[in-house]
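Fold and contact review
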Amino acid sequence: QQPVQSPQAVILREGEDAVINCSSSKALYSVHWYRQKHGEAPVFLMILLKGGEQKGHEKISASFNEKKQQSSLYLTASQLSYSGTYFCGTEANDYKLSFGAGTTVTVRA
Amino acid sequence: DARVTQTPRHKVTEMGQEVTMRCQPILGHNTVFWYRQTMMQGLELLAYFRNRAPLDDSGMPKDRFSAEMPDATLATLKIQPSEPRDSAVYFCASGSPGDGEQFFGPGTRLTVL
């Protein structure tokens, strides 16, 4: 079952904030977030695990509400390099991800 | 800098032809995934392997697609015969469950005419 992402697209000016939401109808073990730039492969941003553990590589934060099967990705003080399509991938079991349709983020100077 | 590699990067073929895509996962990763990305369907999991054994290929059209891992350094995805609706970008990714992150290869852009 594919998770639902919102919004579909967002346009920001440098320095502005945005929130991307991801919700699933299934009980989740973890939520992954990836960013994909045009013509490139998805790149890992963060994983949020059931129980509260988080692992990430960038200055982008996220939350995971296990009871509601929802996750949010927070883009704070956005930079031009944040432009791209953000995907959430939800894991119900065994490292198998279902990806949302994506949220296209455009950051303008 | 360890990376997943995929060949070919681009493939244009005619309907009915066989297509083989190859992937070299990152050394030490025990799980390999095949994904397909299209504008209409987004990023879909086709199949995945753990320690070279297929775990799930329910996302793959069985009549024309096959995926194998002949050894730990090579995963293949084959389409025979190919159809125009198979046109997409095919990504291979690898990882290990304890690490969480899946590392994606650069993708094979397939066009079936």
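Note that this is a predicted model, so its numbers are computed, not measured. (Residues numbered from 1 in each chain as written. Chains lettered and ligands numbered in written order. Predicted model: local features only at pLDDT ≥ 70, side-chain atom pairs only at ≥ 80, totals over all residues. Heavy atoms only, no water.)

**Focus on the overall build of chain A**
Along the backbone of chain A there are zero helices and 11 strands. Taken from the N to the C terminus, the helices and strands of chain A come in the order β-β-β-β-β-β-β-β-β-β-β. Based on the C-alpha atoms only, the size of chain A along its principal axes is roughly 40 × 25 × 20 Å. Each of the 109 residues in chain A was classed as buried or not, and the buried ones make up 47%. Sequence separation of 24 or more characterises 54% of the internal contacts of chain A that already satisfy a separation of 6 or more. Total accessible area on chain A stands at roughly 5,600 Å², and carbon and sulfur atoms take up 47% of it. Separation between the mean location of the 11 positive side-chain charges and that of the 9 negative ones in chain A comes to 4 Å. (Helix = DSSP H or I, 4+ residues; strand = E, 2+ residues; numbered from the N terminus. Buried < 20%, exposed > 50% of the residue type's maximum accessible area, 1.4 Å probe, protein only. Contact = heavy atoms within 4.5 Å. Areas by Shrake-Rupley, 256 points an atom, 1.4 Å probe, with all protein chains shown as cover. Lys, Arg positive; Asp, Glu negative; His and termini not counted. Charge placed at Lys NZ, Arg CZ, Asp CG, Glu CD.)

**Topic: the interface of chain B and chain A**
Listed as interface residues are 24 residues of chain B and, on the opposing side, 17 residues of chain A. Both faces combined, the contact of chain B with chain A buries some 1,600 Å², and carbon together with sulfur accounts for 52% of it. At the junction of chain B and chain A, the tally comes to two salt bridges. Between B:R50 and A:D94 there is a salt bridge, with its nearest N and O atoms 2.9 Å apart. Between the two partners, chain B and chain A, sit nine residue pairs in polar contact (both at pLDDT 80 or more). Elements represented by at least two residues in the side of chain B that touches chain A include exactly β4 (31-38), β5 (42-50), β6 (53-56) and β9 (88-95) of chain B. A breakdown of the residues in the side of chain B that touches chain A according to their chemical character gives 10 nonpolar, 10 polar and four charged. (Buried area = accessible area lost by both parts, 1.4 Å probe. Salt bridge = Lys/Arg side-chain N within 4 Å of Asp/Glu carboxyl O. Polar contact = N/O pair within 3.5 Å; in protein donor to acceptor, adjacent residues only side chain to side chain. Nonpolar A, V, L, I, M, F, W, Y, C, P; charged D, E, K, R; others polar.)

**A look at the state of the cysteines**
Put plainly, a disulfide is one covalent bond tying together the sulfur atoms of two cysteines. Summed over the entire model, instances satisfying the criterion amount to two disulfides over all chains. The disulfide partner of A:C22 is A:C88, and the gap between their sulfur atoms is 2.1 Å. Here the S-S torsion is close to 75°, and the disulfide linking A:C22 with A:C88 is therefore right-handed. Taken together, the residues A:C22 in strand β3 (residues 18-23) and A:C88 in strand β9 (residues 84-91) connect sequence positions 66 residues apart. The exposure class assigned to A:C22 is buried, which follows from its relative accessible area of 2%. There is a disulfide in this structure between B:C23 and B:C92, and the S-S distance comes to 1.9 Å. Handedness here is read from the sign of the S-S torsion; for B:C23 and B:C92, about -60°, the answer is left-handed. Residue B:C23 is located in strand β3 (residues 19-24), and its partner B:C92 is located in strand β9; the two are separated by 69 residues in the primary sequence. Considered together, B:C23 and B:C92 belong to a single accessibility category, that of buried residues. (Disulfide = S-S within 2.5 Å.)

**Here we look at the sheet that holds strand β1 (residues 4-6) of chain A**
Residue and element names in this part refer to chain A. Strand order across the open sheet formed by four strands is β1-β3-β8-β7, with antiparallel pairing between neighbours. Only two strands of the sheet have a single partner each, and these edge strands are β1 and β7 (61-65). Mean inter-strand twist for the sheet, computed between neighbouring axes without regard to direction, equals 15°. Pairing of β1 with β3, which is carried by three bridges, proceeds in the antiparallel orientation. Note on β3: the bridge partner recorded for Q5 is C22. (Pairing = 2+ DSSP bridges. Axes fitted to C-alpha atoms, helices over the stretch in contact; angles between N-to-C directions.)

**So, unusual backbone geometry**
Backbone torsion omega between A:S6 and A:P7 reads -5°, so that peptide bond is classified as cis. Secondary-structure assignment places A:P7 in the loop between β1 and β2 (9-13). A cis amide bond links B:Q80 to the next residue, B:P81, at an omega of -5°. With respect to the secondary-structure elements, B:P81 resides in the loop between β8 (74-79) and β9. One non-glycine residue with positive phi stands out, namely B:N51, at about 50°. Here B:N51 shows up in the loop between β5 and β6. Take B:N51: its relative accessible area is 55%, and that puts it in the exposed class. The phi dihedral of B:R52 falls on the positive side, at around 75°, and the residue is not glycine. Inspection of the secondary structure puts B:R52 in the loop between β5 and β6.

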